[in-house]
Amino acid sequence: MATTSKLSNQIGAASPSSELRRRSLEPRVMVVNLNNNAYNRAVRVESSRLSLTGNPSYMRHPLLVRCSQSTGNGSPRKRTTLHDLYEKQGQSPWYDNLYRPVTDLIPLIESGVRGVTSNPAIFQKAISSSDAYNEQFSELIKAGKDIESAYWELVIKDIQDACKLFEPIYDETNAADGYVSVEVSPRLADDTKGTVGAAKWLHKMVDHRNVYIKIPATAPCVPSIMETISNGISVNVTLIFSLHRYEAVIDAYMDGLEASGLSDLSSVTSVASFFVSRVDTLVDKMLEKIGTPEALNLRGKAAVAQATLAYQLYQKKFSGPRWEALVKKGAKKQRLLWASTSVKNPAYPDTLYVDPLIGPDTVSTMPDQALQAFMNHGTVSRTIDANVSEAEGIYSALEKLGIDWNYVGSQLEVEGVEAFKKSFDSLLDTLQQKANALKLVSL
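For every chain, the first residue of the written sequence is number 1, and numbering continues from 1 along that sequence. Thresholds applied to this predicted model are a pLDDT of at least 70 for local features of residues and 80 or more for the giving and counting of side-chain atom pairs; totals over whole chains, interfaces and linings are not thresholded and use all residues. Water and hydrogen atoms play no part in the side-chain values, which are based on all heavy atoms of the structure.

So, the overall build of the chain
At step 1: When helices and strands are counted, the chain shows 17 helices and 10 strands.
At step 2: Here the chain holds 443 residues, and 56% of them are scored as buried.
At step 3: Residue contacts are defined here by distance: any two heavy atoms, one from each residue, within 4.5 Å place the two residues in contact. Long-range contacts, defined here as pairs at least 24 residues apart, represent 76% of the contacts in the chain between residues at least 6 apart.
At step 4: Note on areas: these come from Shrake-Rupley sampling with a 1.4 Å probe, and a residue is covered only by the protein chains present in the view. Of the roughly 18,400 Å² of accessible surface on the chain, a fraction of 50% belongs to carbon and sulfur atoms. Put simply, DSSP marks the helices as runs of H or I at least four residues long and the strands as runs of E at least two long, and each gets a number from the N terminus on. Buried, partly exposed and exposed residues are distinguished by accessible area as a fraction of the type maximum, computed with a 1.4 Å probe on protein chains only: under 20%, between the cut-offs, and over 50%, respectively.

This is how it looks when you write it as structure tokens:
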């Protein structure tokens, strides 16, 4: 689950202990369209650095955007590593964050970002730390909306506005990219029917072709995924932490396509969000408890190894007679999406969960710090299947040490659901306090 990091406006905030972070100080590329009217904030260019002024809310979430010296002759903007990632390796870079003003996404789109993911934690931070939502929230409360209804209207507006920005990418790629994801209430993680109802409602309310409805991959929600897909609604399946659950998600996608009765399946798509860094966070603790040299040597290796094997499973499942029959009706593969790509352990390289997981027909959604790190010094090459035998060896070695992969997946799923519930409830409490204050003022 991603968090929004506050990055400095200077070029990178390097850690003296990491060569990778020192390299992030080097200026790279221009990624901003200064002539885009929608991007209507004051811009000041000094030599090879871009500064943004006149927008306090942007400065609260200051994802660094670099630019090279402009030639001043109208020459094309320089490419970034994100463009290369997509065009050379077939992996789509998405941004794991959303806040107001949504037009702050424009320079990221210019830099090569091709989609957006959100979750309850992201909206909790966006809404509770900004006054950009106050006007709309005040109007909703004065109109008699309850707190949760007001919350969803705030969220839906952001999603709709973001969808509009990414629609050109959606159209250019024939519904392969340009998606914006919004998650059903985390309170429904154990409610199969409730999740289906919420997915239908959100899809109807957002009313944009390029919206992904996020549904958690909990056991009760796997049938929800199938039913939602069968209703022709595109889904981002989230909180996948194990190979076993990932396979169930793929089956639910195919079951849904088959049950849809649609003669043309090309407009129904899906991604499977396989979480990465949090696997190492948990497994590392288990290895440290074991304490042997062999165990300690495996720290920081579990997450990438399991993700590598997930890609192997992806290739296996999306082949053969069953899948080919769906392809004849226009079906598209449910792409693997690498989530939780920010490094939790500062001792690890800051592109650890991006660089080793590059491969065709995949998505990498990155929060601020991971996106900046990759743009600064990421390596664009196919790596996802370069060391499959090594990944298999690590996976087996962890099992021999007593690491139960089913336990790891189940525990992380519980923690993920609870974390989103906590963020959701916290935000509703914050909004209730704001509503109370508004009522006192009106009195």
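Next comes the rest of the write-up.
Some words on helix H7 (residues 147–172)
At step 1: Helices are assigned an expected span. That span is 1.5 Å times one less than the residue count. Helix length check: H7, at 26 residues, gives a terminal C-alpha distance of 38 Å against a target of 38 Å (1.5 Å per residue), a fit within 8%.
At step 2: Take the seven residues that end at a residue and the seven that start at it, fit an axis to each, and the angle between those axes is the bend at that residue. For H7, the principal kink sits at Phe166 and spans about 50 degrees; a proline, Pro168, occurs within the next four residues.
At step 3: Residue Asp146 occupies the N-cap position of H7, its side-chain oxygen lying 3.2 Å from the main-chain nitrogen of Glu148.
At step 4: Of the residues flanking the end of H7, it is Asn174, one or two places downstream, whose phi is positive at about 55 degrees. Identification of polar contacts relies on pairs of N or O atoms within 3.5 Å, with a donor-acceptor requirement for protein atoms, meaning one able to donate a hydrogen and the other able to accept it, and with residues adjacent in sequence counted only if both atoms are side-chain atoms.

Points about the packing of helix H3 (residues 81–89) against helix H15 (residues 368–377)
At step 1: Axis angles are defined between N-to-C directions and span 0 to 180 degrees, where every axis is a line fitted to C-alpha atoms and, for a helix, only to the segment in contact. The geometry of H3 relative to H15 is characterised by a closest axis approach of 8 Å and an angle of 85 degrees between their N-to-C directions. With respect to each other, H3 and H15 are oriented roughly perpendicular. Counted together, Thr81, Leu82 and Leu85 of H3 and Leu371, Phe374 and Met375 of H15 form the full contact between these two elements.
At step 2: Under the grouping applied here, Gly and all other residues not named as nonpolar or charged are polar, the nonpolar ones being Ala, Val, Leu, Ile, Met, Phe, Trp, Tyr, Cys and Pro and the charged ones Asp, Glu, Lys and Arg. Its residues placed into classes, the contact of H3 with H15 shows 5 nonpolar, 1 polar and no charged. The scheme is simple: roughly parallel for angles under 35 degrees, roughly antiparallel for over 145, roughly perpendicular for 65 to 115, oblique for anything else.

A closer look at H3
At step 1: Taken together, the buried positions of H3 are Thr81, Leu82, His83, Asp84, Leu85 and Gln89.
At step 2: You can read the cap of H3 off the contacts: a side-chain oxygen lies 3.0 Å from the backbone nitrogen of Leu82, and it is on Thr80.
At step 3: Positioned one or two residues after H3, Gly90 has a phi angle of 75 degrees, which is positive.

Comments concerning the packing of H7 against helix H8 (residues 192–206)
At step 1: Here H7 crosses H8 at 55 degrees, and the two axes come no closer than 10 Å. Taken together, the axes of H7 and H8 lie oblique to each other. You can see that H7 and H8 cross each other, and the crossing is right-handed. Across from Trp152, Ile156, Ile159, Gln160 and Cys163 in H7, the residues of H8 making contact are Trp201, Leu202, Met205 and Val206.
At step 2: The residue inventory of the contact of H7 with H8, partitioned by class, reads 8 nonpolar, 1 polar and no charged. Two helices that cross are described as forming a left-handed crossing if the nearer one is turned anticlockwise from the farther one by less than a right angle, and a right-handed crossing if clockwise.

Quick notes on the pattern of salt bridges
At step 1: In the sections that follow, a salt bridge refers to a side-chain nitrogen of Lys or Arg positioned within 4 Å of a carboxyl oxygen of Asp or Glu. Counted by the stated rule, this structure contains 20 salt bridges.
At step 2: In this structure, the salt-bridge partner of Lys317 is Glu247, at a minimum N-O distance of 3.4 Å. Of the two residues, Lys317 sits in helix H13 (residues 302–317) while Glu247 sits in helix H10 (residues 243–259), which places them 70 residues apart along the sequence.
At step 3: Residues Lys317 and Asp251 are paired through a salt bridge, measuring 2.8 Å at the closest nitrogen-oxygen approach. Of this pair, Lys317 sits in helix H13 while Asp251 sits in helix H10, and the two are 66 residues apart along the sequence.
At step 4: Several salt bridges converge on common partners, so that one network encompasses Arg79, Asp84, Glu87 and Lys88.

Regarding unusual backbone geometry
At step 1: Here the residue pair Arg100 and Pro101 is connected by a cis peptide bond, since its omega of -5 degrees sits within 30 degrees of zero.
At step 2: By secondary structure assignment, the location of Pro101 is in the loop between strand S3 (91–96) and helix H4 (106–111).
At step 3: One non-glycine residue with positive phi stands out, namely Ser340, at about 55 degrees.
At step 4: The backbone of Asp361 shows a phi angle near 60 degrees, a positive value even though the residue is not glycine.
At step 5: Following the sequence through the fold, Asp361 ends up in the loop between strand S9 (335–339) and strand S10 (362–366).

Description of the confidence of the model for the chain
At step 1: For every residue, the predictor states its confidence as a pLDDT score lying anywhere from 0 to 100. Averaged over all residues, the pLDDT of the chain equals 86, while 82% of them reach at least 70.
At step 2: Residue range residues 1–62 is modelled with pLDDT below 50. Its contacts to residues more than four positions away, or to other chains, number 150 contacts.

Thoughts on the packing of aromatic side chains
At step 1: Pairing of aromatic rings covers Phe, Tyr and Trp, the last counted by its six-membered ring, and requires centre-to-centre distances within 6.5 Å; plane angles under 30 degrees mean stacked, over 60 mean edge-to-face, and any other angle means tilted. In the structure shown here, the tally under the stated rule is 15 aromatic pairs.
At step 2: Relative to Phe275, the ring of Phe241 lies with its centre 5.1 Å away and its plane at 50 degrees, an arrangement referred to as tilted. A residue pair is termed long-range when its members are at least 10 positions apart, and Phe241 in the loop between strand S7 (235–240) and H10 and Phe275 in strand S8 (residues 270–275) qualify at 34 residues.
At step 3: What makes Phe275 buried here is its relative accessible area of 4%.
At step 4: Grouping aromatic residues by their ring pairs yields a cluster made of Tyr253, Tyr311, Tyr314, Phe318 and Trp323.
At step 5: Charge over a ring is defined by NZ of Lys or CZ of Arg lying within 6 Å of the ring centre and within 35 degrees of the ring normal. Above the ring of Tyr86, the side-chain terminus of Arg114 is found at 3.5 Å from the ring centroid.

Concerning the pairing of S10
At step 1: Most of S10 sits out of view: 5 of its 5 residues are buried.
At step 2: Of the two faces of S10, the one carrying Thr362, Ser364 and Met366 and the one carrying Val363 and Thr365 are both buried.
At step 3: In short, DSSP must find at least two bridges between two strands for them to pair. Bridging between S9 and S10 involves 3 bridges; their strand directions are parallel. The partner of Leu336 across the bridge, within S10, is Thr362.

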